[in-house]
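Chain and residue survey
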Amino acid sequence: MEKITALHRNFFGEIISFVTSSGRVISYQKAVQEAENGWIDGIEIKEDADGNAFLIPTTAESFDEYPNLF
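The shown structure was predicted, so the numbers you read here are calculated from the model rather than taken from an experiment. (Residues numbered from 1 in each chain as written. Predicted model: local features only at pLDDT ≥ 70, side-chain atom pairs only at ≥ 80, totals over all residues. Heavy atoms only, no water.)

1. Structural notes on the overall build of the protein chain
Here is the rule: Labels follow the DSSP assignment, with helices taken as runs of H or I lasting at least four residues and strands as runs of E lasting at least two, numbered in each case from the N terminus. The globule rule is 2.2 Å times the number of residues to the power 0.38, and the radius of gyration it is compared with is taken over C-alpha atoms. All accessible-area figures derive from a Shrake-Rupley calculation using a 1.4 Å probe, and residue coverage is judged against the displayed protein chains alone. We score Asp and Glu as negative and Lys and Arg as positive, and we do not count His or the chain ends. In plain terms, the charge of a residue is placed at NZ if it is Lys, CZ if Arg, CG if Asp and CD if Glu.
Per the secondary structure count, the protein chain includes one helix and six strands. Counting from the amino terminus, the protein chain carries its helices and strands in the arrangement β-β-β-α-β-β-β. A compact globule built from 70 residues would reach a C-alpha radius of gyration of about 11 Å, and the protein chain, at 11 Å, matches this within 12%. Summed over all atoms, the accessible surface of the protein chain reaches about 4,500 Å², with 50% contributed by carbon and sulfur. Mean positive and mean negative side-chain charge positions of the protein chain (5 and 12 charges, respectively) differ by 7 Å.

2. Observations concerning the nonpolar core
Heads up, the rule is: In this text, buried Ala, Val, Leu, Ile, Met, Phe, Trp, Tyr and Cys residues form a nonpolar core when linked through side-chain atoms within 4.5 Å. Burial classification: accessible surface area is computed with a 1.4 Å probe over protein chains only, and a residue below 20% of its type maximum counts as buried, one above 50% as exposed, and the rest as partly exposed. We call two residues contacting when some pair of their heavy atoms lies within 4.5 Å.
Grouped together as the largest cluster of nonpolar side chains are 14 residues, with contacts concentrated most on Phe 18, Ile 43, Leu 55 and Phe 63. Mapped by element, the contributors of at least two residues to this core are β1 (2–9), β2 (15–20) and α1 (28–36). For this core, the element with the most residues is α1, which contributes four residues. Apart from the residues within four sequence positions on either side, Ile 43 is in contact with Ile 4, Ala 31, Ala 35, Leu 55, Ile 56, Pro 57, Thr 58 and Phe 63.

3. Observations concerning the sheet that holds strand β4 (residues 40–41)
Strand pairs in the sheet, formed through backbone hydrogen bonds, run parallel or antiparallel to each other. Our working rule: At least two DSSP bridges between two strands are needed for those strands to be called paired. Interaxial angles span 0 to 180 degrees and are taken between N-to-C directions of axes, which are lines fitted to C-alpha atoms, for helices over the stretch in contact.
Taken in spatial order, the four strands make up an open sheet running β3-β2-β1-β4, and their pairing is mixed. Both edges of this open sheet fall to β3 (25–27) and β4, since each of them pairs with a single strand only. Summarising the sheet, β2 and β3 pair through three bridges and their orientation is antiparallel. Note that in β3 the partner of Ser 17 across the bridge is Ser 27. Strand contacts of α1: β1, β2, β3 and β4, with the helix running at about 90° to β3, the strand carrying the most contacts.

4. So, the pattern of salt bridges
Put simply, the rule is: Each salt bridge in this description consists of a side-chain nitrogen of Lys or Arg and a carboxyl oxygen of Asp or Glu lying within 4 Å of one another.
One pass over the full model with this rule turns up six salt bridges. Across the pair Arg 9 and Asp 64 runs a salt bridge, and its minimum N-O distance is 2.8 Å. Of this pair, Arg 9 sits in strand β1 while Asp 64 sits in the segment after β6 (53–57), and the two are 55 residues apart along the sequence. When its relative accessible area of 24% is taken as the criterion, Arg 9 is described as partly exposed. Among the ionic pairs, Glu 34 bridges to Arg 24, the shortest N-O distance being 2.6 Å. You can see Glu 34 sitting in helix α1 and its partner Arg 24 sitting in the loop between β2 and β3, a full 10 residues away along the chain. Each member of the salt-bridge network shares a partner with another, and the members are Glu 2, Arg 24, Lys 30 and Glu 34.

Next comes the structure, spelled out in structure tokens:
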């Protein structure tokens, strides 16, 4: 099973893509879909008050601890 190893943020500091342990670069939405299907290990899916899905790491305090892709 793949894991998240790095990420990329936009100008506003929002995560827009992830790098997986196999080297794939996937969008945030694709990571949510793959986590829902059980294909990515080490992340949890939560929902905000509006019902939007978001990801949190299970192996780290936050995604701030992950290296940036660029």
